[in-house]
Amino acid sequence: MYNLRKVGPALYELPREGDMRVPGLVVITEELMGEIDFERPLSQVRNVAHLPGIVGHSIAMPDIHWGYGFPIGGVAATDLETGVISPGGVGYDINCGVRLAVVPEPFHTLGPKKRKKLIDEIFRRVPSGVGVGHKGKHALTDADYQNIAEKGARWAIENGHGFAADLDATESYGVLPGAEYTTTSEHARERGRDQLGTVGSGNHFVEIGEVADLLSPQIAEAWGIEKGETYVLIHSGSRGFGHQVCQDTLDLFLQRGFAEGLPDRQLVAAPIPSSEGQQYLQAMATAANYAFCNRQMILHAVREAFHEVLRVSPERVRLIYDVCHNIAKVEEHLGRRLCVHRKGATRALGAGHEELASQYRDTGQPVLVPGDMRRASYLMVGLGNPQTFCSSCHGAGRARSRIKSAKAWRGVDLFEQMAGEGVIVRASSSRTVAEEMPDAYKDVDVVVEAVEEAGLAKRVARLKPHMVIKG
Amino acid sequence: MDTQIRQLFLGLEVHAPWGDVFPRGRLIAPEHRHLTLAFLGRQSLPDLLEKLDSFPALPFELAPVGEFDRVLFLPKRQPKVVAWHVQWWDEADAVAGFRTDCVTWLRQQGYAVDERPFLPHMTIARGHFSPRQWREAFHPLPFYTPALHLYESLGYSKYRCVKSFFFRPPFEEIEHTADLAFHVYGETKEQLFVHAQAALAFAYPELVRYRTAVETVDSFEGIVRELNRMLQRMDVDQGCPLKAVTYSGEITEDNGVLSWEMIIDV
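To keep things clear, this report deals only with the structure shown in the data block. (Residues numbered from 1 in each chain as written. Chains lettered and ligands numbered in written order. Predicted model: local features only at pLDDT ≥ 70, side-chain atom pairs only at ≥ 80, totals over all residues. Heavy atoms only, no water.)

Looking now at the side chain of A:S236. Residues and elements named next belong to chain A. When you line up the elements, S236 lands in strand β9 (residues 229–236). Look at S236 and you get buried, because its relative accessible area is 0%. A distance of 3.2 Å separates a polar atom in the side chain of S236 from a polar atom in the side chain of N294. Those residues within four positions of S236 in sequence are excluded, and the remaining contacts are N95, C96, G97, T198, V199, H204, N294, R295 and I298. (Helix = DSSP H or I, 4+ residues; strand = E, 2+ residues; numbered from the N terminus. Buried < 20%, exposed > 50% of the residue type's maximum accessible area, 1.4 Å probe, protein only. Polar contact = N/O pair within 3.5 Å; in protein donor to acceptor, adjacent residues only side chain to side chain. Contact = heavy atoms within 4.5 Å.)

Written as C-alpha cells, this is what we have:
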C-alpha cells in the first residue's frame with residue numbers, strides 16, 4: 001500500500017525515487033502502520049532523503065508521526081565534510097529529552113495521603129505551564145550563559161542542584177562540546193533568562209510511578225533497579241532559549257538561500273563546514289547544554305520534594321540516565337564521522353561503546369521511552385544497531401490530533417477521570433491534560449515491541465505511572 | 001390573519017473562542033451572539049424578502065476578523081446591557097462602507113433606520129450585572145463573522161436567521177497529529193497574515209495582547225517571521241504554549257484567494 005519493501009524484522013525500505021539521494025528505512029510493524037495516518041509522515045521521510053550528503057537511509061522510528069520538515073521520529077546522518085546540518089532535523093526544542101531516576105522506596109508504601117502530598121510538593125517546587133509557571137527561580141546573566149555553554153549540567157551541580165555522579169548518567173556527560181553562547185542572539189537569551197528550571201507546557205511532564213516489571217532482570221540488576229521501586233521520569237528541553245536559537249537559524253539559513261533545491265523549506269540546511277553551519281552547531285550545543293541544566297535542576301527540585309515529604313535524602317534519588325531526543329551530534333559510524341540528526345529519536349549505544357560511562361559499558365546505554373500517563377513508560381537498553389546509526393524511538397508517538405483529543409474529552413472532569421484510573425494529575429491547564437490523555441498516544445507496548453523486533457534496543461523494565469505533573 | 005410582521009434587523013454572526021466562565025448576568029447564548037448592522041424594527045417579513053434581490057453585494061468573500069477590545073455598558077446613562085466593543089483587524093473600511101450601503105438601501109426601500117452614529121459592538125449579557133466584575137473579567141478576544149443574517153428577534157435574547165449570506169472562513173483548523181495546524185486564507189499576503197494571527201489567537205486568546213498590526217508583508221518568510229515575533233513577545237512576558245510557526249508549506253492561489261497550510265510546533 002505504501003510502496004514499502006520488507007527488509008527485516010519490523011524493517012521496511014522505502015525505495016529511492018525521483019531526487020531522493022538514499023532510500024528510506026522505516027522501523028514499524030503492520031499493526032502500527034494501520035493505526036495512523038501514515039502517508040504524510042512517509043512523505044516527510046522521502047523529503048529528508050533529499051538532503052545533500054545524507055548517508056545510508058532516511059530513517060523513521062516506530063513512533064513516527066507527522067511533523068514539519070522531518071517527521072517526528074526521524075533520523076538522518078550526513079557526512080561531516082560534504083553534508084549539511086538542518087535545524088529542522090533537530091527541532092525547535094533543542095535537546096528536548098528525558099531523564100529517569102529511581103528512589104529506593106517501594107512505591108506501594110506510598111499511601112494515598114503521601115502521594116497527594118508528594119505530588120503537591122513537586123507541583124509547588126517545579127514551575128510548569130505558562131503564566132506564573134513559566135518562570136524559574138534563577139534569572140540568568142550573560143556570565144551564567146557563558147558558564148552553562150561551557151559546563152552544561154555541571155554548572156547546575158556546581159550551583160547546588162545535584163551531584164557529580166549525575167554526569168556519568170547523562171548522555172554526553174551533560175555537556176555538548178563546542179558550545180559558544182555568543183552565537184546565540186540576545187533575543188534567545190532574553191527568552192531563556194527566566195525559564196531555567198521549568199518544565200514548560202504541552203507534552204512535557206514530571207511523572208512518578210512504580211517499576212512494575214523487570215523484563216531483563218540481569219541488566220536491571222547491573223543498573224541497580226528493583227521491581228516495585230519508585231521512579232521519577234522528567235520530560236523537558238531548552239525552553240524558549242532553544243526555540244529562539246532554532247528560529248534565528250532557520251531565518252538566517254533561508255535568507256542565505258540554503259533551502260534551494262529542497263522539497264520542503266523547513267528542511268533548510270547549511271553545509272556543515274560553512275560558517276553558518278558551524279555557527280549553528282555552536283548555538284545548538286549551547287541550547288543543548290541549557291537543556292541538560294534544566295533537567296538537572298528539575299530533578300533536584302524533585303529530590304528536595306522527596307526529602308521534604310518522605311525524608312528521603314537527595315542522594316538516594318539516583319539518576320539512571322538522561323537522553324536527548326531532539327539533537328544533532330557528531331558521531332563515528334561505519335568508519336566515518338557523521339552528523340546524526342535525531343528529531344524525536346534517541347541514541348541507543350550498545351555494549352562496549354567507549355562513549356559510555358563505566359557503569360553502562362558492559363550492558364549498553366539506557367534508552368528511555370515515555371508512553372502515556374496511564375499505561376506505561378519503558379526503560380530499554382541500546383543494542384547499537386548500525387542501520388539506524390545507533391538510534392531508537394523516543395516515545396509512544398501521538399496517534400490522535402490535539403483537536404480530536406480535546407473534543408473527545410470535552411465536558412469531562414479529567415482530573416477525576418485519571419484519578420479513577422489510579423493516576424493523580426496536576427496541571428496548570430486542563431486543556432493540556434485533554435490534549436495529553438492516554439488515548440491520544442499509540443500503545444507504547446506495541447512501539448517498543450517493534451523496536452525490539454528490529455534490534456534497536458531491548459526492554460529492561462516496564463514503568464507504571466501513578467502521579468503526573470503536566471505543563 | 002398573520003401578516004408576518006416581525007422584529008427584524010441585519011447583523012453579523014460572531015464566532016469566537018468564548019470560554020466558559022463569565023460574571024453574573026443573563027448571557028446571550030453563543031449561537032445568538034451577533035453584531036447588529038441595522039435595526040429595522042417591526043416590519044413585514046415577506047415584503048422585505050421580496051426586495052432582497054437588489055440587496056447590496058457583499059464587498060468581501062472572506063469573513064472579516066477582529067477583536068473585542070473593551071467592555072461597554074449601554075446605554076451609557078442607565079446601562080441595561082453589557083457589550084464588547086469591536087475593533088476590526090481587517091476590512092474595517094469595507095465593513096463600515098457596507099453598513100452605509102445597507103442603510104442607504106433600506107432607506108431607499110422605505111425603511112426607517114436608526115440615525116445615531118454606528119457603534120460596532122456585540123451584546124454579551126443583559127439583566128442584573130456588576131460593571132466592576134465585567135471590567136475585571138474582561139480580556140481581549142479575537143472573533144470573525146462567518147455570515148451576514150437577516151435576523152428575527154424572538155424575545156428573551158433569542159434570534160432566528162431568516163435569510164443568510166455566508167462568507168468563507170478566514171481559517172480552518174485541520175488535524176495534525178503532533179502539533180497545531182490551520183488552513184489560512186486571504187485575498188492578499190497582508191490579509192493572509194492577519195488571518196494567521198487570528199487563527200493563532202483563536203487557539204490561545206492571550207496572544208491578542210501581543211499582536212501588532214503590520215502594514216505590508218513582503219514574502220512568505222516575512223509572514224512567518226512576524227507571526228513568530230508575536231509568539232516570542234508572549235513567551236518573554238508570560239510563557240507561550242506554542243514554540244513556533246514553522247516554515248512548512250507554500251502559499252498557493254485558487255480563484256484569487258491565497259491559501260497556506262500553517263503548522264505550529266506545540
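Moving on from the coordinates now.
Residues and elements named next belong to chain A. Mapped onto the secondary structure, H466 falls in strand β19 (residues 457–470). Under the relative-accessibility criterion, H466 is labelled buried at 15%. A polar atom in the side chain of H466 sits 3.4 Å from the backbone oxygen of G422. With sequence-adjacent residues up to four places away left out, H466 is seen in contact with F107, R115, I208, G209, E210, G422, V423 and I424.

All names here are of chain A. On inspection of all chains with the given rule, the structure shows 48 salt bridges over all chains. Measuring nitrogen to oxygen at the nearest pair gives 2.7 Å for the salt bridge that ties R125 to E121. Of this pair, R125 and E121 both sit in helix α3 (residues 112–125), four residues apart, which is roughly one turn of the helix. Given the relative accessible area of 18%, R125 is considered buried. The salt bridge partner of R462 is D445, with a shortest N-O separation of 3.0 Å. Pair noted here: R462 is in strand β19 and D445 is in helix α15 (residues 444–453), with a separation of 17 residues, a long-range link. Each member of the pair R462 and D445 is classed as buried. Connected through shared salt-bridge partners, R398, R402, R431, E435, E436 and K470 make up one network. (Salt bridge = Lys/Arg side-chain N within 4 Å of Asp/Glu carboxyl O.)

Another aspect to go through is the packing of helix α9 (residues 239–255) of chain A against helix α10 (residues 275–310) of chain A. Two packed helices can be described by the angle between their axes and the distance between those axes. Residues and elements named next belong to chain A. Across the interface, α9 lies against α10 with an axial gap of 9 Å and an inter-helix angle of 170 degrees. By the angle class used here, α9 and α10 are roughly antiparallel. For the pair α9 and α10, the contacting residues are R239, F241, G242, V245, T249, L252 and F253 in the first and E276, G277, Y280, A283, M284, T286, A287, Y290 and N294 in the second. (Axes fitted to C-alpha atoms, helices over the stretch in contact; angles between N-to-C directions. Parallel < 35°, antiparallel > 145°, perpendicular 65-115°, else oblique.)

Tallying the contact residues gives 33 residues for chain B and 36 residues for chain A. Interface of chain B and chain A: buried area, both sides summed, is about 3,200 Å²; carbon and sulfur atoms make up 51% of it. In terms of surface lost to chain A, no three residues of chain B exceed B:T177, B:K243 and B:Y247, which account for 22% of the buried area on that side. Put simply, chain B and chain A have four salt bridges between them. Between A:R265 and B:E250 there is a salt bridge whose closest N-O contact spans 3.0 Å. Taken together, the connections running from chain B to chain A amount to 18 residue pairs in polar contact (both at pLDDT 80 or more). Secondary-structure elements contributing two or more residues to the side of chain B that touches chain A are β10 (171–174), α5 (220–238), β12 (244–245) and β14 (257–265) of chain B. (Buried area = accessible area lost by both parts, 1.4 Å probe.)

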